[in-house]
Amino acid sequence: MGDKKKIIMVFIILPVIMVAVLLISIIFSEPSAGQEESTPVDYVMTDKDIDAMLLEEYRKSQSTRAQLEETTEVVQDIAPGDNEYDDMIDESDGSTIQADSVTEGDGGDSDVYDEELSDEEEAIIAKAEENARKNRVSGALYYNGIEVVSSMNKVSFDGDYVLELTSEELAADHPLFLQYDPRWANFPYGSGTMRNTACGPTCFSMVITALTNITTASPPIIASYSMNHNHYVWGAGTAHSLFLQGCSDFGLYCSEIPNTEADMKAHIDNGEMLIVSCHYGNFTHSGAGHFIVIYGYNNLGFMVNDPASYDRSCQYWPFSTITGDFNKLYALGKAN
């Protein structure tokens, strides 16, 4: 081959061939007309998926409970008087009350969390149950003009834990779940039982059931969820992270709001429910603190679901009466 032909081959024909091959490869690699490339989409859990997840959480809690009960290891760091962990029933928080304000039976400095209820507490519960039976009207319970849907007095209890909720509770706009409900009062939670230490999970259970179509979020199931996800601080109580972080697992959002009447009403008007941490006052006689749910209001005051008291859940609470009890307020609603 002559030098001239070699030059033509190297500088003209070969580049043309290379460009042609490149164009052909691009054409055949593109999707055909009308065919769009698929884009990965994040899977959104349905309420049924969450129901199944919760049942698995319960099974997991039962398989690990023996191990948890044998250890005293603290799963999260906690400092004395830390207000982020105020679901403690039997330990006084000196930062919120005076020592002489703690009466016998409030726990004081005790580290025991599953003590028997006092005679006074038993009497309060007995009175609440009697009032519930007396005020039954057309299948619903009314007290001080408030409709209270709670199946504590309707469910036959045979000595085993009852994990399911009734059809009335699932259909209620704002069902009341009580820690001392015999269906789950002695269900283990942390270093105690539902009756003594689980106001946090019980409140979260009420909110989930009211705002979603999830059917398995009963108090003991949510207590299992809380334990499995380290929202319980061993020997102390429920961390506020149960609501702030756990909300997304149930299709909810949660945000802290100011302690003002206008803010509370605005969030309730937006279809949200409030979980409030309270210190010593109207809703607890322990310096350890307590959680309640606020779901509505009228000209008489706010409507409360208190997991530790049927009676306190059956009256209206003026803002001026309860604002001094509040530590932190969280508004929870259905995520889009």
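Residues numbered from 1 in each chain as written. Predicted model: local features only at pLDDT ≥ 70, side-chain atom pairs only at ≥ 80, totals over all residues. Heavy atoms only, no water.

A.B. asks: Just give me the short version of the pattern of salt bridges, but keep the residues and values in it.
C.D. replies: Tallied over the full model, the rule gives four salt bridges. The partner of R183 in a salt bridge is E169, with the nearest N and O atoms 2.7 Å apart. Taken as a pair, R183 in the loop between α4 (167-171) and β4 (188-189) and E169 in helix α4 lie far apart in primary sequence, 14 residues in all. Overall, R183 belongs to the buried group, its relative accessible area being 1%. Close ionic contact of R183 with D181 constitutes a salt bridge, the shortest N to O distance being 2.9 Å. Among the residues examined, D181 registers a relative accessible area of 1% and is labelled buried. (Salt bridge = Lys/Arg side-chain N within 4 Å of Asp/Glu carboxyl O. Helix = DSSP H or I, 4+ residues; strand = E, 2+ residues; numbered from the N terminus. Buried < 20%, exposed > 50% of the residue type's maximum accessible area, 1.4 Å probe, protein only.)

A.B. asks: An account of the confidence of the model for the chain is requested, with residue identities and associated values reported.
C.D. replies: For the chain, per-residue confidence averages 74 on the pLDDT scale, and residues scoring 70 or more make up 60% of the total. At the low end of the mean pLDDT range in the chain sits strand β1 (residues 136-137), at 49; at the high end sits helix α9 (residues 261-269), at 98. Segment residues 30-41 is flagged for pLDDT under 50; beyond a separation of four residues in sequence, or across chains, it makes one contact in the model. (pLDDT = per-residue confidence, 0-100. Contact = heavy atoms within 4.5 Å.)

A.B. asks: Please provide a residue-by-residue account of helix α6 (residues 199-211), values included.
C.D. replies: Here α6 contains 13 residues, and its C-alpha end-to-end distance of 18 Å stays within 8% of the 18 Å for a straight helix at 1.5 Å per residue. By the criterion of burial, α6 is predominantly enclosed, with twelve of the 13 residues buried. Turning to α6, its buried residues are C199, G200, P201, T202, C203, F204, S205, M206, V207, I208, T209 and L211. (Expected span 1.5 Å × (residues − 1).)

A.B. asks: Provide a residue-level description of the side chain of E272, including the pertinent values.
C.D. replies: Tracing the backbone shows E272 in the loop between α9 and β9 (273-278). As a buried residue without a salt bridge, E272 has its nearest oppositely charged side chain in K334, at a separation of 14 Å. A distance of 3.0 Å separates a polar atom in the side chain of E272 from a polar atom in the side chain of Y253. A polar contact is formed between the side chain of E272 and the side chain of N270, at a distance of 2.5 Å. (Lys, Arg positive; Asp, Glu negative; His and termini not counted. Polar contact = N/O pair within 3.5 Å; in protein donor to acceptor, adjacent residues only side chain to side chain.)

A.B. asks: Give me the lowdown on α9, citing residues and values where you can.
C.D. replies: In an α-helix there are 3.6 residues to a turn, and that puts residues three or four apart on one side. Every buried residue of α9 is accounted for by M264, H267 and I268. For α9, the angular spread of buried residues about the axis comes to 100 degrees, placing them on one side. Summarising the geometry of α9, the exposed residues directed more than 90 degrees from the buried face are A262 and D269. Buried residues along α9 sit in contact with β8 (252-257), β9, β10 (290-298), β11 (301-305), α10 (319-322) and β13 (326-334). Two residues or fewer past α9, G271 is found with a positive phi of approximately 85 degrees. (Arc of directions from axis to C-beta.)

A.B. asks: Before we move on, could you go through the sheet that holds β10 and cite the residues and values that matter?
C.D. replies: Within the open sheet, the six strands sit side by side as β8-β13-β9-β10-β11-β12. Their pairing is antiparallel. Each end of this open sheet is capped by a strand with a single partner; those strands are β8 and β12 (316-317). Bridge count between β9 and β10: five bridges; the pairing is antiparallel. Within β10, the position partnered with L274 by the bridge is I294. The strands that α6 touches are β8, β9, β10, β11 and β13; relative to β10, the one it contacts most, it runs at about 35 degrees. Here α9 sits on the sheet in contact with β8, β9, β10, β11 and β13, set at roughly 75 degrees to β10. (Pairing = 2+ DSSP bridges. Axes fitted to C-alpha atoms, helices over the stretch in contact; angles between N-to-C directions.)

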